[in-house]
Amino acid sequence: MKWPLTDSDEHNPPPKLTKISMENIRKTVPEDIVMEILARLPMKSIVRFKSVSKTWNSETESPYFLRRHLSLYPNSSTWSLMFITKRDHPITEAIGFHRGDTWNLPNSLASYVLPFQPYPDFPTVDNYSLKLDPHEIRQHNYYVASSNGLIWIEVILNPHDSRSFVGNPVSNQWDEIPRPPNSCTPTGLVTRVENGVVTSFKVVRTCDNLDQSVWRVYVYSSETGVWEFKQLSSLCPVEGSEPPVNIDGKLYLWEDDSRDEDESEDFRHEEFGFLVAYDFYGDDDNKCQVVPLPTPDNKYVRRCLTTSRGDVMYVEILYRRLKVWKLSGGGDSELLWELSRGEINLASVGFDVFCFPLGMNPFNDNIVYLWSREHDSVVTGNLKTLEFVVHQESESGSSSSDSGGCFRVNKFYSRMYMDGFRDKTSTSVVVLSQFVLPPPVDLMPPPPSTR
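Residues numbered from 1 in each chain as written. Predicted model: local features only at pLDDT ≥ 70, side-chain atom pairs only at ≥ 80, totals over all residues. Heavy atoms only, no water.

As recorded by an unreviewed UniProt entry, the protein carries the name F-box protein At1g49990-like and is attributed to Raphanus sativus.

## Here's the deal with the sheet that holds strand β3 (residues 140-147)
Strand order in the open sheet made by the four strands is β3-β4-β5-β6, with antiparallel pairing throughout. Sheet topology places β3 and β6 (173-177) at the edges, where each strand pairs with a single neighbour. On average, each strand axis in the sheet is inclined to that of its neighbour by 25°, with strand direction left out of account. Note that strand β5 (residues 161-168) and β6 share five bridges and pair antiparallel. Pairing of Gly 167 across the sheet is with Trp 174, part of β6. (Pairing = 2+ DSSP bridges. Helix = DSSP H or I, 4+ residues; strand = E, 2+ residues; numbered from the N terminus. Axes fitted to C-alpha atoms, helices over the stretch in contact; angles between N-to-C directions.)

## As for the pattern of salt bridges
Summed over the entire model, instances satisfying the criterion amount to nine salt bridges. For Glu 343, the salt bridge goes to Arg 321, with nearest N and O atoms at 3.5 Å. In this pair, Glu 343 is assigned in the loop between β18 (336-339) and β19 (344-345) and Arg 321 in strand β17 (residues 321-328), connecting sequence segments 22 residues apart. The residue Lys 323 makes a salt bridge to Glu 343 at a minimum N-O spacing of 3.6 Å. Linking Lys 323 in strand β17 with Glu 343 in the loop between β18 and β19, this pair joins segments that are 20 residues apart in sequence. (Salt bridge = Lys/Arg side-chain N within 4 Å of Asp/Glu carboxyl O.)

## Description of the sheet that holds strand β23 (residues 387-391)
As summarised here, the arrangement of the four strands in space is β20-β21-β22-β23, forming an open sheet in which the pairing is antiparallel. Only two strands of the sheet have a single partner each, and these edge strands are β20 (355-361) and β23. On average, each strand axis in the sheet is tilted by 25° relative to the strand beside it, whichever way the strands run. As paired elements, strand β22 (residues 377-382) and β23 share five bridges and run antiparallel to each other. Across the sheet, Thr 380 pairs through a bridge with Val 389, a residue of β23.

## A look at the environment of Lys 299
Mapped onto the fold, Lys 299 is located in the loop between β14 (289-292) and β15 (302-308). C-alpha of Lys 299 to C-alpha of Leu 318: the two residues are 19 residues apart in sequence and 9.4 Å apart in space.

## With respect to a nonpolar patch on the surface
The grouping of Val 29, Ile 33 and Ile 37 at the surface amounts to a nonpolar patch, some 230 Å² of accessible area in total. Position of Ile 33 relative to the elements: it lies in helix α3 (residues 31-39). Ile 33 sits in the partly exposed class, given a relative accessible area of 42%. (Patch = residues over 30% accessible without salt bridge, like charges linked within 9 Å, V, L, I, M, F, W, Y side chains within 5 Å. Areas by Shrake-Rupley, 256 points an atom, 1.4 Å probe, with all protein chains shown as cover. Buried < 20%, exposed > 50% of the residue type's maximum accessible area, 1.4 Å probe, protein only.)

The structure is reproduced here in structure tokens:
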């Protein structure tokens with residue numbers, strides 16, 4: 001109900017909030033209350049507010065603010081399992097999960113990776129056909145690695161010219177990495193995190209190895225802005241051809257010890273896979289740690305290397321028997337495999353021998369993802385409850401999750417990837433890259449000139 005205006009109201013209207021009065025109101029609000037309000041906002045909004053003032057920028061980067069923000073979003077998670085793409089495959093994800101968490105993202109992480117076109121004046125080549133004229137400049141992008149919300153993308157302009165970019169696709173900030181002094185192969189990306197904020201990153205590329213006991217690499221650091229050549233000793237030959245996983249600045253590469261044995265000896269060489277680890281932020285002795293995979297090779301074995309809850313995980317399926325190991329130790333202690341939980345007979349949960357492990361949930365080590373050739377679909381398995389679910393979604397399909405988010409399965413590209421993997425040898429290991437946004441994802445680390 002509206003009340004009529006009186007004469008006094010007409011002659012004495014309420015004062016308007018001028019710019020000066022609004023500024024006074026803002027100054028009267030205690031700073032701790034302002035920070036409490038900001039801590040309840042999505043991280044995407046907080047990133048924008050960092051540019052309001054130097055005070056807000058420093059306050060939102062403080063350990064107290066990040067701890068408070070995390071306490072308000074304890075179960076936040078947004079992630080994708082990405083295919084390691086080559087020059088004839090598009091950038092895409094196998095499995096993704098997103099919800100209205102700290103970043104309040106409406107779509108999966110993979111949707112923020114593309115379109116990526118650092119050179120707008122140059123056309124982008126079709127993802128499936130890389131028939132390049134050596135004299136024609138076109139862009140072809142492929143995904144290399146990810147670490148704590150940053151990703152590494154290689155841009156091919158022609159067969160003799162490639163460029164590297166590391167960035168945060170959500171905030172759309174990218175650093176172009178200078179070319180290394182010599183030709184070398186993209187290998188991995190590692191980051192340093194302090195108080196929940198990415199403060200620096202390192203790009204690792206592998207050189208041709210003539211000495212099997214030495215891993216020769218070029219390492220670019222965002223802190224110095226230059227490349228450093230390192231020769232790392234290893235008891236196992238390192239080729240760097242398989243994609244690694246990374247945790248806390250450390251790369252873990254699966255390698256096959258293919259050195260020739262003395263054929264004159266009455267000895268049958270059983271091939272084993274090895275995990276080669278090196279901490280690019282902590283190790284000073286240039287010596288890699290080497291640990292064999294927990295079981296010998298078998299022509300029927302199917303396996304993957306992944307991470308979950310900050311641990312390196314190894315998943316194996318052999319004769320319908322599913323096993324999951326966790327890597328323990330590190331630092332000065334020896335790396336050892338521990339069986340995470342008891343063996344699971346897949347036949348008891350309705351699956352045949354044609355199942356391949358894809359990876360694990362980054363935040364839940366009870367959840368494993370498989371590819372079932374029988375069902376031509378991705379399967380989610382709960383190792384604790386023994387509930388295994390077949391996902392029938394199409395390439396663009398998605399489904400609601402019990403945890404309040406959207407679970408997406410890219411069935412088309414999963415099939416294409418696994419069909420290509422079928423012809424590989426039994427010593428191969430599936431490695432999908434985990435593109436994960438931890439709750440307090442920050443912008444790109446500052447360039448060396450501003451440190």
